[in-house]
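This is what each chain is made of:
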Amino acid sequence: MHEVAALALALALVTNPARADPPPVSPPPTPAPQSPPPPEAAPADRLTLLGSSDKLSWNGVAIAPDGRIFVEFPRITGSPGPSLAILNHDEANHTDSLTAYPGSGWNDWSATAKTDPAQGFVDLNAVHLGPENSLWAVDTGAPGFGRQPLPGATKLVRIDLATNKVSRVYVLPPDVLAPKSMIDDVRFHGSLAYITDAGSPGLIVLDLATGHARRVLDHDPSTTAQRPIVVDGETLKGPDNKPVMIHADQLEVTPDGAYLYYQPLCGPLYRIATALLDDPKATTQAVAAGVEFWYDTPALGGTAIGPDGTLYLDDVENDSVLSLDPGRRLATIIRDPRLHWADAPFLQGGVLTLPVPQLDRAAVFHHNHSQIQYPVGLYALHLPQPQPAPAHHDR
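Please read these numbers as outputs of a predicted model, since none were measured by experiment.

Calculation criteria
- Residues numbered from 1 in each chain as written.
- Predicted model: local features only at pLDDT ≥ 70, side-chain atom pairs only at ≥ 80, totals over all residues.
- Heavy atoms only, no water.
- Helix = DSSP H or I, 4+ residues; strand = E, 2+ residues; numbered from the N terminus.
- Buried < 20%, exposed > 50% of the residue type's maximum accessible area, 1.4 Å probe, protein only.
- Areas by Shrake-Rupley, 256 points an atom, 1.4 Å probe, with all protein chains shown as cover.
- pLDDT = per-residue confidence, 0-100.
- Contact = heavy atoms within 4.5 Å.
- Pairing = 2+ DSSP bridges.
- Axes fitted to C-alpha atoms, helices over the stretch in contact; angles between N-to-C directions.
- Core = buried A, V, L, I, M, F, W, Y, C linked by side-chain atoms within 4.5 Å.

(A) Region of the structure containing the overall build of the protein chain. When its secondary structure is counted, the protein chain shows two helices and 26 strands. Per-residue burial over the protein chain gives 57% buried out of 395 residues. Just so you have it, the protein chain exposes about 15700 Å², and 51% of that area is on carbon and sulfur atoms.

Quick look at the structure:
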């Protein structure tokens with residue numbers, strides 16, 4: 001839950017994908033390597049520790065134009081404390097603290113409280129800077145791991161960074177959700193938001209002006225996980241001792257707004273023209289026919305995209321960060337054990353900020369005994385060729 005998926009993850013455990021047909025797609029122009037190429041030699045350590053936590057495990061980060069660092073905590077890790085907070089780093093004393101964000105009780109929701117789940121964070125899985133100088137939070141709406149979302153709890157929350165107040169809540173209607181839905185992450189294109197569903201395979205297209213939502217690529221092979229997640233040579237398994245299947249998870253819009261890349265957490269990577277997704281009159285068959293296989297990626301914790309269209313990929317199988325350029329050339333930027341299950345990154349000015357929640361070590365995957373090695377870190381990775389990156393895609 002990216003992915004983790006997060007786990008961008010307040011992710012879903014789905015052990016029996018609803019569809020396991022082979023993807024009706026063409027292979028890439030050149031065979032994908034079985035493993036990423038080795039990293040280039042670096043004259044100095046490009047990883048800088050921005051903050052750490054001894055008790056909480058974050059899987060999402062966003063940095064506001066004024067420098068505020070927002071971190072997000074999924075319930076899957078069992079972390080006590082807020083769901084969304086500002087990270088305050090005291091360089092002089094080498095200490096970190098958290099300020100719950102925003103106010104008005106959004107971080108006070110609990111399963112026993114009689115609070116409207118549409119007005120509190122039930123289970124966040126992602127944060128992202130987006131249109132209108134806003135921070136956007138993706139709430140799965142599920143009160144516990146593996147549980148169904150509460151009615152009216154699955155939502156996209158927009159927070160105005162100028163006023164520090166929630167400016168709009170988009171509650172996703174039941175007709176675009178399924179009993180196992182676990183919305184995972186969000187990206188923007190014009191007045192639309194694209195949302196992945198990691199629990200019930202598919203994408204959700206949300207009109208930010210009207211609030212109308214519709215579902216596309218429902219149980220399509222491209223949104224459905226069809227292979228296990230293997231980390232440190234072991235298959236990630238859930239409480240039922242079956243392989244965890246995390247469906248549509250990572251997604252990025254190209255800088256020109258023409259395409260959406262997306263994949264199940266396990267890979268591979270696909271793309272589709274946004275014109276197809278944006279057209280409410282496009283038939284199910286037409287949308288499915290527009291899916292294009294792009295690259296046989298490994299399992300990814302998170303992604304980011306640069307202004308030149310290069311994708312940056314958190315490879316959870318190899319504790320690595322990869323780059324995949326528009327010509328489909330893959331390279332390893334860095335491989336480091338400190339990046340064990342790096343999750344949803346934030347790219348700005350040639351620096352990739354990486355939360356490292358170690359989600360595969362969460363208790364839910366280890367018979368209720370957490371294997372997370374605290375402190376968890378938040379790292380800055382200086383890319384080989386620094387470049388300014390837009391905070392969001394609003395074209």
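Picking up where we left off.
(B) Summary view of the confidence of the model for the protein chain. Chain-level pLDDT for the protein chain is 86 on average; 85% of the residues reach the 70-or-more range. This model gives residues 1-35 a pLDDT under 50, and the stretch forms 146 contacts once residues within four places in sequence are excluded. Note on residues 386-395: pLDDT is under 50 here. Beyond four places in sequence and across chains, it has 33 contacts.

(C) Seen up close, the sheet that holds strand 7 (residues 134-139). Across the sheet, four strands lie side by side as 6-7-8-9; this open sheet has antiparallel pairing. On the outer flanks of this sheet lie strand 6 (124-130) and strand 9 (165-171), each paired with one strand and no other. Looking at each pair of strands side by side, their axes are set apart by 20 degrees on average, direction ignored. Alignment of strand 7 against strand 8 (residues 155-160), held across six bridges, turns out to be antiparallel. For leucine 135, the partnering residue across the bridge sits in strand 8 and is isoleucine 159.

(D) How the structure looks around the environment of alanine 380. Structurally, alanine 380 is set in strand 26 (residues 376-382). Sequence-wise, alanine 380 and proline 345 are 35 residues apart; in three dimensions their C-alpha atoms are separated by 9.5 Å. Those residues in contact with alanine 380 that lie beyond four places of it in its chain are Arg46, Leu47, Thr48, Leu50, Val351, Leu352 and Thr353.

(E) Highlighting the sheet that holds strand 2 (residues 60-63). Spatial strand order, 2-3-4-5: four strands in an open sheet with antiparallel pairing. The outermost strands of the open sheet, each flanked by one partner alone, are strand 2 and strand 5 (95-100). The mean angle between the axes of side-by-side strands here comes to 30 degrees, regardless of whether they run parallel or antiparallel.

(F) Structural view of the nonpolar core. Core analysis: the biggest nonpolar cluster contains 29 residues, and Phe70, Val71, Leu84, Tyr101, Phe121 and Leu135 have the highest contact counts within it. Every element with two or more residues in this core is listed here: strand 2, strand 3 (69-72), strand 4 (84-90), strand 6, strand 7, strand 8 and strand 26. With four residues, the single largest contributor to this core is strand 4. Contacts of phenylalanine 121, omitting those with residues within four sequence positions, involve Arg75, Ser83, Leu84, Tyr101, Pro102, Trp106, Asn107, Trp109, Ala137, Asp139, Val157 and Ile159. Judged by nonpolar contacts, the second largest core, of 18 residues, contains Ala225, Val244, Met245 and Ile246.

(G) Structural view of the pairing of strand 13 (residues 213-216). The pairing of strand 12 (residues 202-207) with strand 13 spans four bridges and is antiparallel. Bridge pairing links isoleucine 204 to arginine 215 in strand 13. Here strand 12 hands over to strand 13 after five residues, with glycine 211 in that stretch at a positive phi of 85 degrees.

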